[in-house]
Amino acid sequence: MQTMRDFHYGSIHHRDNFWREQARRIHWETPFERVLDDSNLPFARWFPGGRTNLCYNAVDRWLETRADERALVWVSTEVDQTREFTVRQLYDEVNAVAAVLRETGVEQGDRVLIYMPMVPEAVFTMLACARLGAIHSVVFGGFASVNLAQRIDDAAPKVIVSADAGSRGGKVVAYKPLLDRALTLARHPPTRTLILDRGLAPMQTDPARDIDYAEARARHAGAEVPVVWMESTAPSYILYTSGTTGTPKGVQRDIGGYAVALASSMAYIFDGKPGETFFCTSDIGWVVGHSYIVYGPLIGGQTTVLYEGTPVRPDGAILWRLIEQYKVNTLFSAPTAIRVLKKQDPALLKQHDLTSLRAIYLAGEPLDEPTAQWVADSLGKPVIDNYWQTESGWPILAAQPGVERVPTKFGSPSFPVYGFDVRIVDEATGEDMGPDEKGVVAIVPPLPPGAMTTIWGNDARFVETYFTSVPNRQVYSTFDWGRRDADGYYFILGRTDDVINVAGHRLGTREIEESISSHAGVAECAVVGVADAIKGQTAVAFVVLKSAQVGEPGPAADALRREMLAVVDDQLGAIARPSALRFVQALPKTRSGKVLRRAIVAICEGRETGDLTTIEDPSTLDQIKDSLQ
Ligand code: PRX
């Protein structure tokens with residue numbers, strides 16, 4: 001039995017052999033010429049010359065052995081519906097949508113934007129794009145018109161696929177009006193949209209633009225659309241994510257490297273086999289949904305459970321009930337979901353047979369020790385904290401029980417995953433830090449298969465954003481602080497930039513600030529992430545008004561506050577709405593004009609502000625304090 005250390009070492013120091021071996025896990029229509037082209041780092045081209053297809057590997061490849069087995073189970077506690085699809089049925093659905101997309105003119109390399117709730121049609125559409133060699137760009141359903149318009153303009157999709165509405169916590173959330181609005185805001189909107197009418201919300205349709213999903217699917221039922229064999233390094237999808245600026249970055253991913261990385265992760269990280277059942281509670285709009293609702297489990301020959309609903313409706317046992325019912329082997333969720341469940345009646349946990357469940361994987365935000373301990377104790381199952389990013393596409397740090405079983409430590413996502421040459425570096429010198437020293441979590445290029453290959457349409461920004469922030473060497477910065485202990489376990493200690501994490505959702509404070517600032521009454525504002533017992537962090541906004549009087553407490557101030565929050569709801573979506581918005585006369589800044597965010601956060605969290613020798617006006621800190629009263 002090999003050790004994790006040897007396995008990781010092999011992946012870095014005998015890279016070609018290692019990944020050539022892993023590449024056998026997927027189907028290659030044309031063998032690759034080389035494992036890696038690293039002639040132009042930090043750009044890495046994995047398996048160049050090889051031709052493959054994500055849809056083929058996720059669906060067609062399993063027709064021979066699993067045609068009548070379940071591939072996808074959709075459960076919606078929002079609309080009380082369940083639908084199951086065998087591999088054969090999934091194949092049929094994907095082909096029908098592929099035929100529809102082709103009819104609307106979608107070809108290899110074209111972009112298709114998907115703005116949909118958690119319905120099977122969203123998965124069919126993603127796979128249909130992959131089949132055609134088209135590039136999907138899924139936009140999280142919780143985002144609103146301005147976000148959507150920004151992504152439409154950046155990706156320039158030929159078609160948008162959307163729905164009348166989704167539902168959250170029993171409340172209908174209309175999508176179509178937001179889409180219509182985004183289309184009026186976008187500079188170059190596509191001329192065709194494919195709309196799934198779930199009958200949840202009345203909608204206006206434009207017959208010249210909107211195609212009815214059900215009607216088009218029926219017309220193409222039984223269609224077989226040939227797989228387009230794609231160059232391994234061609235883009236599979238774009239997924240936008242927030243950073244320090246107000247403009248989201250289109251994380252671009254390849255095809256062959258991604259398929260190989262996910263296939264390997266199903267074995268080594270998730271310790272799974274074909275025929276098992278995988279339940280990931282994320283959303284298809286996030287990277288976890290792309291990798292572990294859609295592509296990973298299906299490429300690994302597993303049944304994937306797609307769930308539309310919350311963990312507490314109809315009651316706090318719903319996840320456990322689904323695990324029992326579908327004999328789920330692997331659960332993948334976020335710490336926030338567990339913190340919410342922790343508050344439920346503990347008896348709910350005891351009523352279900354969870355013997356099928358092997359382990360619970362949690363990612364997306366820091367997993368606090370009490371929560372980790374609670375799941376481990378109450379479920380009696382291993383909890384595997386794994387750390388990664390939209391950019392990495394799959395775990396960077398994780399226990400890898402399929403390689404070797406090593407004890408985990410609470411609060412640590414364990415060790416670097418094979419392929420990731422992870423370092424903790426000094427932000428001032430770029431040098432590697434020693435055990436227990438805090439530094440920036442960085443990755444020495446090349447990034448492994450499955451990681452982002454560039455920023456869509458902007459190679460220079462890719463290099464500039466990720467590979468220049470650490471001095472004296474070219475390494476990828478995760479923009480997270482971390483440390484490694486003497487036993488080699490890693491710990492993540494928060495972001496180095498202004499990205500915040502609300503209930504596992506990554507949000508850029510800059511985007512929220514720009515949105516609030518678009519209100520005519522705002523002179524300037526700062527949005528920070530403040531610790532929250534359930535959501536990990538919440539956004540709190542401090543606003544300086546153009547006219548001082550309106551900030552005085554009273555009905556006028558309350559009305560103004562509501563107006564500003566409504567702007568955020570309207571532009572970015574309710575998930576970006578600050579939990580509090582407070583008026584101050586001035587923001588604490590350094591003499592050179594930089595807002596002292598860390599000091600603001602410290603005050604909000606009731607901590608000491610630390611060294612503030614560079615502050616321009618110390619009284620601004622008192623204002624922050626007073627505003628919290
Ligand atoms: O700050 C880290 C945090 O989430 C960020 C990435 O978010 P996103 O791009 O949405 O990708 C999520 C993929 C799981 C990271 O930079 N983060 C993610 N996982 C963990 C984490 N922080 C602590 N522990 C984790 N396990």
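Since the structure is predicted, the reported quantities are computational estimates derived from the model, not experimental observations. (Residues numbered from 1 in each chain as written. Predicted model: local features only at pLDDT ≥ 70, side-chain atom pairs only at ≥ 80, totals over all residues. Heavy atoms only, no water.)

Caption draft 1: The arrangement of the sheet that holds strand β25 (residues 490–495) in detail. If you trace the 4 strands from one edge of the open sheet to the other, you get β21-β22-β24-β25, paired in antiparallel fashion. Strand pairing shows two members of the sheet lacking a second neighbour, β21 (422–425) and β25, which therefore form its edges. Mean inter-strand twist for the sheet, computed between neighbouring axes without regard to direction, equals 45°. Pairing geometry for β21 and strand β22 (residues 439–443), over 4 bridges, is antiparallel. The residue of β22 that forms the bridge with arginine 423 is alanine 442. (Pairing = 2+ DSSP bridges. Helix = DSSP H or I, 4+ residues; strand = E, 2+ residues; numbered from the N terminus. Axes fitted to C-alpha atoms, helices over the stretch in contact; angles between N-to-C directions.)

Caption draft 2: Here's a closer look at the nonpolar core. With 122 residues, the main nonpolar core has Leu101, Leu127, Tyr292, Tyr295, Phe332 and Trp394 as its most contacted residues. Setting aside its immediate chain neighbours within four residues, tyrosine 295 contacts Leu54, Met126, Leu127, Ala130, His136, Tyr237, Tyr258, Leu262 and His290. One finds Val305, Ala317, Leu341 and Val375 within the second-largest nonpolar core, a separate group that totals 27 residues. (Core = buried A, V, L, I, M, F, W, Y, C linked by side-chain atoms within 4.5 Å. Buried < 20%, exposed > 50% of the residue type's maximum accessible area, 1.4 Å probe, protein only. Contact = heavy atoms within 4.5 Å.)

Caption draft 3: How the structure looks around the sheet that holds strand β14 (residues 237–241). Strand order in the open sheet made by the 8 strands is β12-β11-β8-β6-β7-β14-β15-β23, with mixed pairing throughout. Single-partner strands in this sheet number two, and they are β12 (210–212) and β23 (454–455). Bridge count for strand β11 (residues 192–196) against β12 is 3 bridges, and the pairing is parallel. By the bridge assignment, isoleucine 195 is partnered in β12 with aspartate 212. Sheet contacts for helix α7 (residues 145–155): β6 (111–115), β8 (159–163) and β14; angle to β6, the most-contacted strand, approximately 165°.

Caption draft 4: Structural detail: helix α12 (residues 318–326). Along α12, the residues that are buried comprise Ile318, Leu319, Trp320, Leu322, Ile323 and Tyr326. Following α12 by one or two positions, lysine 327 adopts a phi angle in the positive range, close to 50°.

Caption draft 5: Main features of the pattern of salt bridges. Considering all chains together, one arrives at 41 salt bridges under this definition. The residue aspartate 271 makes a salt bridge to arginine 405 at a minimum N-O spacing of 2.6 Å. Linking aspartate 271 in the loop between α10 (256–268) and β16 (277–280) with arginine 405 in the loop between β20 (383–386) and β21, this pair joins segments that are 134 residues apart in sequence. Residue aspartate 271 is classed as buried on the basis of its relative accessible area, which comes to 19%. By relative accessible area, arginine 405 is classed as exposed at 61%. A salt bridge links aspartate 480 to arginine 495, with the shortest nitrogen-to-oxygen separation between them at 3.9 Å. Separated by 15 residues along the polypeptide, aspartate 480 in strand β24 (residues 476–484) and arginine 495 in strand β25 bring together distant segments of the chain. The network of salt bridges with shared partners includes Asp498, Arg510, Glu513, Glu514 and Arg597. (Salt bridge = Lys/Arg side-chain N within 4 Å of Asp/Glu carboxyl O.)

Caption draft 6: Structural view of the site of the ligand. As a structural note, the neighbourhood of the ligand is formed by 17 residues, with Asp385, Thr390, Asp480, Arg495 and Arg506 the closest of them. One nitrogen or oxygen atom from the main chain of glutamate 365 is found 3.4 Å from a nitrogen atom belonging to the ligand. Here an oxygen atom of the ligand and a side-chain polar atom of glutamine 389 are 2.9 Å apart. Against a free-state accessible area of 540 Å², the protein chains account for coverage of 96% of the ligand. Grouping the constituent residues of the shell around the ligand by class yields 7 nonpolar, 5 polar and 5 charged. (Near = heavy atom within 4 Å. Polar contact = N/O pair within 3.5 Å; in protein donor to acceptor, adjacent residues only side chain to side chain. Areas by Shrake-Rupley, 256 points an atom, 1.4 Å probe, with all protein chains shown as cover. Nonpolar A, V, L, I, M, F, W, Y, C, P; charged D, E, K, R; others polar.)

Caption draft 7: Molecular detail of the environment of aspartate 385. With respect to the helices and strands, aspartate 385 occurs in strand β20. Note: C-alpha distance between aspartate 385 and alanine 398 (13 residues apart in sequence) is 6.5 Å. Residues contacting aspartate 385, with those up to four places away along its chain left out, are Leu362, Leu367, Leu397, Ala398, Gly411, Ser412 and Pro413.

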